Amino acid sequence: DVDQDQSLRQLGRLVRRVQAAGMIAIQQSSGMRSGELLGIPSDTREDGAPACIEEKLVSGGAKYLVIIHSVTTKINEGMPEAHQWIVGVKPNLPFGKAPDVLAQRAVDVLIRIGNLLKTPNTKPEVSKSLFLSWGAHSLPADGSTLMRLNNGTHNEAIRQFLAHTCQKELAALPDD
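Everything numeric here is computed off the predicted structure, so don't read it as measured data.

Participant: So what about the sheet that holds strand S3 (residues 79-91)? Which residues, and what values?
Facilitator: Judged by pairing direction, the sheet is antiparallel, and its three strands sit side by side in the order S1-S2-S3 without closing on themselves. Each edge of the open sheet is held by one strand with a lone partner, namely strand S1 (53-58) and S3. Averaged over all pairs of adjacent strands, the angle between strand axes in this sheet comes to 40°, irrespective of strand direction.

Participant: Tell me what's going on with the pairing of S1, and back it up with residues and numbers.
Facilitator: Pairing between S1 and strand S2 (residues 63-76): six bridges, direction antiparallel. Opposite Val58, over in S2, you have Lys63 as the bridge partner. Where S1 hands over to S2, the hairpin turn is made up of four residues, of which Ser59 adopts a positive phi near 55°.

Participant: Now, about the pattern of salt bridges: what can you tell me, with residues and values included?
Facilitator: For the structure shown, the criterion picks out nine salt bridges. The salt bridge involving Lys90 is made with Asp100; its shortest N-O contact spans 3.1 Å. Here Lys90, found in strand S3, pairs with Asp100, found in the loop between S3 and helix H3 (102-117); they are ten residues apart in sequence, far enough to count as distant. Measuring nitrogen to oxygen at the nearest pair gives 2.9 Å for the salt bridge that ties Asp108 to Arg105. Of this pair, Asp108 and Arg105 both sit in helix H3, separated by three residues, roughly a single helical turn. Residue Arg105 is classed as partly exposed on the basis of its relative accessible area of 42%. A cluster of three or more residues bridged by salt bridges with shared partners is formed by Glu55, Lys90, Lys97 and Asp100.

About the cut-offs
- Residues numbered from 1 in each chain as written.
- Predicted model: local features only at pLDDT ≥ 70, side-chain atom pairs only at ≥ 80, totals over all residues.
- Heavy atoms only, no water.
- Pairing = 2+ DSSP bridges.
- Helix = DSSP H or I, 4+ residues; strand = E, 2+ residues; numbered from the N terminus.
- Axes fitted to C-alpha atoms, helices over the stretch in contact; angles between N-to-C directions.
- Salt bridge = Lys/Arg side-chain N within 4 Å of Asp/Glu carboxyl O.
- Buried < 20%, exposed > 50% of the residue type's maximum accessible area, 1.4 Å probe, protein only.

Function-wise, these values are silent; they only describe arrangement.
The following block contains the structure:
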(Lines give C-alpha, C1' and ligand atoms only; values in the text may rest on other atoms or scores of the structure.)
Protein backbone atom coordinates (compact mmCIF):
# COMPACT_ATOMS: atom_id res chain seq x y z
CA ASP A 1 0.00 0.00 0.00
CA VAL A 2 1.48 3.33 -1.12
CA ASP A 3 0.02 5.34 1.79
CA GLN A 4 1.47 2.92 4.33
CA ASP A 5 4.90 3.04 2.66
CA GLN A 6 4.78 6.84 2.69
CA SER A 7 3.80 6.84 6.38
CA LEU A 8 6.65 4.47 7.25
CA ARG A 9 9.14 6.65 5.36
CA GLN A 10 7.92 9.74 7.21
CA LEU A 11 8.11 7.92 10.55
CA GLY A 12 11.65 6.81 9.69
CA ARG A 13 12.65 10.40 8.89
CA LEU A 14 11.19 11.62 12.19
CA VAL A 15 12.99 8.92 14.17
CA ARG A 16 16.27 9.84 12.47
CA ARG A 17 15.72 13.52 13.28
CA VAL A 18 15.09 12.78 16.95
CA GLN A 19 18.17 10.56 16.97
CA ALA A 20 20.29 13.31 15.38
CA ALA A 21 18.98 15.87 17.89
CA GLY A 22 20.00 13.45 20.66
CA MET A 23 23.49 13.12 19.17
CA ILE A 24 23.86 16.89 19.05
CA ALA A 25 22.67 17.25 22.65
CA ILE A 26 25.10 14.62 23.92
CA GLN A 27 28.07 15.91 21.93
CA GLN A 28 27.36 19.52 22.86
CA SER A 29 27.16 18.61 26.55
CA SER A 30 30.12 16.23 26.63
CA GLY A 31 32.60 17.12 23.90
CA MET A 32 32.65 13.45 22.82
CA ARG A 33 34.17 12.66 19.47
CA SER A 34 32.06 10.69 16.98
CA GLY A 35 33.56 7.30 17.85
CA GLU A 36 33.10 7.91 21.57
CA LEU A 37 29.49 8.93 21.06
CA LEU A 38 28.76 5.89 18.92
CA GLY A 39 30.26 3.66 21.62
CA ILE A 40 27.63 4.56 24.23
CA PRO A 41 25.80 1.36 25.20
CA SER A 42 22.01 1.13 25.45
CA ASP A 43 21.92 -1.18 28.48
CA THR A 44 19.57 -0.32 31.31
CA ARG A 45 19.62 -1.09 35.01
CA GLU A 46 16.86 -3.06 36.72
CA ASP A 47 14.93 0.17 37.41
CA GLY A 48 14.96 1.00 33.67
CA ALA A 49 17.48 3.85 33.99
CA PRO A 50 20.32 4.01 31.42
CA ALA A 51 23.31 2.02 32.69
CA CYS A 52 25.71 4.46 30.99
CA ILE A 53 24.47 7.37 33.14
CA GLU A 54 25.77 7.96 36.65
CA GLU A 55 24.52 10.59 39.06
CA LYS A 56 27.31 11.26 41.57
CA LEU A 57 26.45 13.20 44.73
CA VAL A 58 28.97 16.04 45.30
CA SER A 59 29.34 19.35 47.17
CA GLY A 60 28.42 17.88 50.52
CA GLY A 61 25.25 16.39 49.09
CA ALA A 62 24.00 19.65 47.51
CA LYS A 63 24.11 18.53 43.88
CA TYR A 64 24.65 15.68 41.46
CA LEU A 65 27.22 15.48 38.70
CA VAL A 66 25.68 13.69 35.73
CA ILE A 67 28.23 11.47 34.02
CA ILE A 68 28.06 9.42 30.82
CA HIS A 69 30.23 6.32 30.66
CA SER A 70 31.56 5.17 27.29
CA VAL A 71 34.87 4.21 25.70
CA THR A 72 37.63 6.38 24.23
CA THR A 73 40.60 5.49 22.05
CA LYS A 74 42.24 8.89 22.36
CA ILE A 75 44.28 8.22 25.52
CA ASN A 76 45.95 4.81 25.31
CA GLU A 77 47.55 4.73 21.83
CA GLY A 78 44.26 3.85 20.15
CA MET A 79 43.32 1.06 22.53
CA PRO A 80 39.69 1.24 23.72
CA GLU A 81 39.55 2.39 27.31
CA ALA A 82 36.63 3.15 29.63
CA HIS A 83 36.11 6.87 30.07
CA GLN A 84 33.56 9.20 31.61
CA TRP A 85 32.23 12.59 30.56
CA ILE A 86 30.51 15.05 32.88
CA VAL A 87 27.44 16.29 31.00
CA GLY A 88 25.74 18.42 33.60
CA VAL A 89 24.94 19.23 37.19
CA LYS A 90 21.60 19.17 38.91
CA PRO A 91 20.54 20.08 42.42
CA ASN A 92 19.80 17.53 45.11
CA LEU A 93 16.37 18.76 46.01
CA PRO A 94 14.88 18.07 49.47
CA PHE A 95 11.55 17.48 47.71
CA GLY A 96 11.23 15.32 44.61
CA LYS A 97 13.86 14.92 41.93
CA ALA A 98 15.43 17.58 39.72
CA PRO A 99 14.77 17.24 35.98
CA ASP A 100 17.30 15.34 33.92
CA VAL A 101 20.02 17.33 32.17
CA LEU A 102 19.74 17.53 28.38
CA ALA A 103 22.26 14.78 27.53
CA GLN A 104 20.75 12.48 30.16
CA ARG A 105 17.28 12.98 28.69
CA ALA A 106 18.64 12.40 25.18
CA VAL A 107 20.15 9.06 26.20
CA ASP A 108 16.86 7.99 27.78
CA VAL A 109 14.85 8.93 24.67
CA LEU A 110 17.33 7.14 22.37
CA ILE A 111 17.15 3.98 24.48
CA ARG A 112 13.35 4.06 24.27
CA ILE A 113 13.43 4.52 20.49
CA GLY A 114 15.95 1.70 20.14
CA ASN A 115 13.81 -0.60 22.28
CA LEU A 116 10.90 -0.03 19.91
CA LEU A 117 13.02 -0.92 16.87
CA LYS A 118 14.97 -3.86 18.25
CA THR A 119 13.55 -7.38 18.04
CA PRO A 120 14.89 -10.88 18.77
CA ASN A 121 16.17 -10.84 15.15
CA THR A 122 18.45 -7.87 15.82
CA LYS A 123 22.13 -8.86 15.77
CA PRO A 124 23.57 -9.11 19.32
CA GLU A 125 26.36 -6.58 18.64
CA VAL A 126 23.76 -4.10 17.40
CA SER A 127 21.21 -4.70 20.15
CA LYS A 128 23.56 -3.18 22.75
CA SER A 129 24.16 -0.02 20.71
CA LEU A 130 22.46 3.28 21.50
CA PHE A 131 22.68 4.57 17.92
CA LEU A 132 21.04 2.54 15.19
CA SER A 133 20.67 2.84 11.46
CA TRP A 134 18.58 0.97 8.94
CA GLY A 135 18.55 0.74 5.20
CA ALA A 136 16.02 1.58 2.49
CA HIS A 137 14.88 4.82 4.20
CA SER A 138 12.11 2.99 6.06
CA LEU A 139 11.71 1.27 9.38
CA PRO A 140 12.93 -2.31 9.68
CA ALA A 141 10.09 -4.81 9.76
CA ASP A 142 11.71 -7.36 12.01
CA GLY A 143 14.82 -5.69 13.45
CA SER A 144 17.21 -7.80 11.35
CA THR A 145 18.27 -4.88 9.14
CA LEU A 146 19.32 -2.67 12.05
CA MET A 147 23.01 -1.79 12.17
CA ARG A 148 25.25 0.39 14.27
CA LEU A 149 25.84 3.92 13.11
CA ASN A 150 29.37 4.59 11.93
CA ASN A 151 31.20 7.91 11.62
CA GLY A 152 29.89 8.48 8.10
CA THR A 153 26.25 7.77 8.95
CA HIS A 154 26.63 9.88 12.11
CA ASN A 155 27.90 12.86 10.10
CA GLU A 156 25.15 12.42 7.50
CA ALA A 157 22.45 12.27 10.20
CA ILE A 158 23.72 15.54 11.69
CA ARG A 159 23.93 17.14 8.22
CA GLN A 160 20.36 16.12 7.37
CA PHE A 161 19.06 17.34 10.73
CA LEU A 162 20.72 20.73 10.33
CA ALA A 163 19.58 21.02 6.71
CA HIS A 164 15.99 20.34 7.77
CA THR A 165 15.84 22.43 10.94
CA CYS A 166 18.07 25.35 9.93
CA GLN A 167 17.25 25.81 6.24
CA LYS A 168 16.77 29.57 6.40
CA GLU A 169 19.82 30.17 8.58
CA LEU A 170 22.07 27.98 6.42
CA ALA A 171 20.82 29.54 3.21
CA ALA A 172 21.68 33.00 4.58
CA LEU A 173 25.34 32.09 5.15
CA PRO A 174 27.82 33.28 2.54
CA ASP A 175 29.47 30.59 0.40
CA ASP A 176 32.90 31.24 1.84
